[in-house]
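Results of the structural survey
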Amino acid sequence: MTAPTANGFAETSPEPDLPTLRVDGAAPLTTETVAALRALCDRVEDRGDRLVVLHLSGAHGPGWADDLTVALVSRWERELRRLECLPATSVAVAHGDCGGAALDALLATDHRIAAGPARLVLPLVTGVTWPGMAVYRLAQQCADRAAVRRAVLHGTPLDTATALAGHLLDEVTDDVPAALATAAARAAGLPGAELAVRRRLLFEAATAGFDEALGVHLAACDRMLRRREEAS
C-alpha cells in the first residue's frame, strides 16, 4: 500500500482493481484533495465497482485552515456527497486519530472499521471547532447526543468506545483484510443501483412526511417486483 502524498491523498491497490483512497486528516484541504476524491467517484461510477475503501488517519495540526476558502470547502462537500450516494458500498478504515478531511470522509461512508483504537476529532480553528458539515453528519448519525454536544461545543474527541456506542464506528479489528473481505462479500449481493435507492430512502426518512415517503417507497417496491418478474 502506498504512503500518503503531500496533499494527503494517494490512490492505492491492495487488491486487484479495488478502488481505494488514503486520506490524511492532518493535511490541509487542497484542490488536489478534491480532485483525488472526484477521480475515485468517477472511477466507481464509470466502472461499476461494488466496493470502495478509504483508509483514514490523522488529525488537524497548526495552520490546518490557513488556505481554506468557502469555494474550496463547497467543492469538497459536493464530492463528499457523491461518495455518500455512490452506487457502491463504501468502507472506511480508521487508523488512530481521524480529523479534518479524514473525519469528513468517514462520516460519508456506509461501513466504518477501526483498525485498533481510534478517535474522531473535530478540527479547531482559532480555538473553536470548525463548523463544517461534519457537525451536521455527527448530529444526524450519532446516537449519543451528549457526546456530540461535547465534541461540537468543546472539541472533546470521540474515543473508540463512544464512537462504537454512538454507531459512528461499526467494528474494531486487528484483522483489517478479513473485515474488508466480509464487507466485499456483503457488497457482492446487492446491485449498486439498488443500494443507492435504499440509501436515499434512509436519507429522506428523517425529513419526509408520511404521504411523501409512501409514494417513494411504493415506487421502490414496484421496481423490485418488476426486477423479480424479469428474473423469473
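Quick look at the structure, then. (Residues numbered from 1 in each chain as written. Predicted model: local features only at pLDDT ≥ 70, side-chain atom pairs only at ≥ 80, totals over all residues. Heavy atoms only, no water.)

1. Digging into helix α7 (residues 176-188)
Since the α-helix turns once every 3.6 residues, residues separated by three or four places project in the same direction. So the rule is basically this: Helix and strand assignments come from DSSP, with helices taken as H or I runs of at least 4 residues and strands as E runs of at least 2, each series counted from the N terminus. Every helix has an expected span of 1.5 Å times one less than the residues it contains. Only protein chains enter the accessibility calculation, which uses a 1.4 Å probe; a residue is then buried when its area is under 20% of its type maximum, exposed when over 50%, and partly exposed in between. The directions considered for the arc run from the helix axis to the C-beta atoms. Residue contacts are counted whenever heavy atoms from the two residues lie within 4.5 Å of one another. The definition of a polar contact used here is a pair of N or O atoms within 3.5 Å, where within protein one atom must be able to donate a hydrogen and the other to accept one, and adjacent residues in sequence count solely through side-chain atom pairs.
Taking 1.5 Å per residue, 13 residues should reach 18 Å; α7 reaches 18 Å between its end C-alpha atoms and fits that length. Listed as buried for α7 are Val 176, Ala 179, Leu 180, Ala 183 and Ala 187. Relative to the axis of α7, the buried residues are bounded by an arc of 95° and lie together on one face. Of the exposed residues in α7, the ones pointing more than 90 degrees away from its buried face are Pro 177, Ala 185 and Ala 188. Buried residues along α7 sit against β3 (51-58), β4 (89-99), β5 (111-121) and β8 (171-172). Its side-chain oxygen at 3.2 Å from the backbone nitrogen of Ala 178, Asp 175 defines the N-terminal cap of α7.

2. Comments concerning the state of the cysteines
Here a disulfide denotes one covalent bond, and it connects the sulfur atoms of two cysteines. What counts here: The term disulfide is used for any two cysteine sulfur atoms that are within 2.5 Å.
All told, the structure shown has zero disulfides when counted by the stated rule. Considering cysteine sulfurs only, Cys 85 is the nearest to Cys 41, which forms no disulfide, with 9.7 Å between them. Of the residues examined, Cys 41 reaches a relative accessible area of 0% and is grouped as buried. As a non-bridged cysteine, Cys 142 has Cys 98 as the owner of its nearest cysteine sulfur, 15 Å distant. Residue Cys 142 is classed as buried on the basis of its relative accessible area of 4%.

3. Here's the deal with the layout of surface pockets
Condition: A pocket here means an open set of points on a 1 Å grid, computed over the protein atoms alone, that has protein on both sides within 12 Å along at least five of seven lines. A cavity is instead a set of points where a 1.4 Å probe fits but cannot get out; residues with an atom within 4 Å of a point line either one. Grid points are joined across faces, edges and corners, and a volume is the space filled by probe spheres set on the points. For this scheme, ten residues count as nonpolar: Ala, Val, Leu, Ile, Met, Phe, Trp, Tyr, Cys and Pro. Four count as charged, namely Asp, Glu, Lys and Arg, and the remainder, Gly too, count as polar.
Taken as a whole, the largest pocket spans an internal volume of roughly 870 Å³. When residues of the lining of the largest pocket are traced back to their parent elements, those giving at least two are α2 (70-84), β4, β5, α4 (133-141), α7 and α8 (192-205). Here the residues of the lining of the largest pocket sort into 13 nonpolar, seven polar and nine charged.

4. Some points on the side chain of Thr 160
Mapped onto the elements of the fold, Thr 160 is located in helix α6 (residues 160-165). Owing to a relative accessible area of 16%, Thr 160 belongs among the buried residues under this scheme. Setting aside residues up to four positions removed in sequence, Thr 160 forms contacts with Pro 117, Ala 118, Leu 169 and Val 172.

5. Observations regarding helix α5 (residues 145-154)
Along α5, the residues classified as buried are Ala 147, Val 148, Ala 151 and Val 152. Buried residues of α5, seen end-on, are gathered within an arc of 125° and therefore sit on one face of the element. The exposed set on the far side of α5, more than 90 degrees from its buried face, consists of Arg 145, Leu 153 and His 154. Buried residues along α5 sit against β7 (128-129), α4 and α6. Where α5 begins, the capping side chain belongs to Asp 144, and its oxygen is found 3.3 Å from the backbone nitrogen of Ala 146. Positive phi appears at Gly 155, one or two residues downstream of α5, with a value of about 75°.

6. Digging into the pattern of salt bridges
A side chain with one charge may pair with a side chain of the opposite charge, provided their charged atoms come close. Spelled out, the test is: Criterion for a salt bridge: a side-chain nitrogen of Lys or Arg within 4 Å of a carboxyl oxygen of Asp or Glu.
Summed over all chains, the structure comprises ten salt bridges. With its nearest N and O atoms 2.7 Å apart, the salt bridge here joins Glu 84 to Arg 81. Of this pair, Glu 84 and Arg 81 both sit in helix α2, three residues apart, which is roughly one turn of that helix. You can call Glu 84 buried: its relative accessible area is 8%. Overlapping salt bridges bring together Arg 38, Asp 42, Glu 45, Glu 79 and Arg 82 as one network.

7. Quick notes on the nonpolar core
As a reminder of what qualifies: Residues belong to a common nonpolar core when they are buried Ala, Val, Leu, Ile, Met, Phe, Trp, Tyr or Cys residues joined through side-chain atoms within 4.5 Å.
Of all hydrophobic cores here, the largest spans 46 residues; its most connected members are Leu 37, Leu 54, Leu 56, Leu 83, Leu 106, Leu 120 and Leu 168. Setting aside residues up to four positions removed in sequence, Leu 56 forms contacts with Val 23, Ala 92, Val 93, Ala 94, His 95, Cys 98, Ala 102, Ala 105 and Leu 106. Among the nonpolar cores identified, the runner-up in size contains eleven residues, and Leu 18, Val 91, Ala 179 and Ala 183 belong to it.

8. Quick notes on empty space enclosed by the protein
The final tally for this structure, using the stated rule, is two cavities of 30 Å³ or more. Considering only enclosed or pocket space, the largest cavity measures out at about 90 Å³ in volume. Taken together, Leu 29, Trp 64, Val 73, Trp 76, Glu 77, Gly 100, Ala 101, Asp 104, Trp 130, Gly 132, Met 133 and Ala 134 make up the lining of the largest cavity. Where the lining of the largest cavity is concerned, the elements lending two or more residues are α2, α3 (100-106) and α4.

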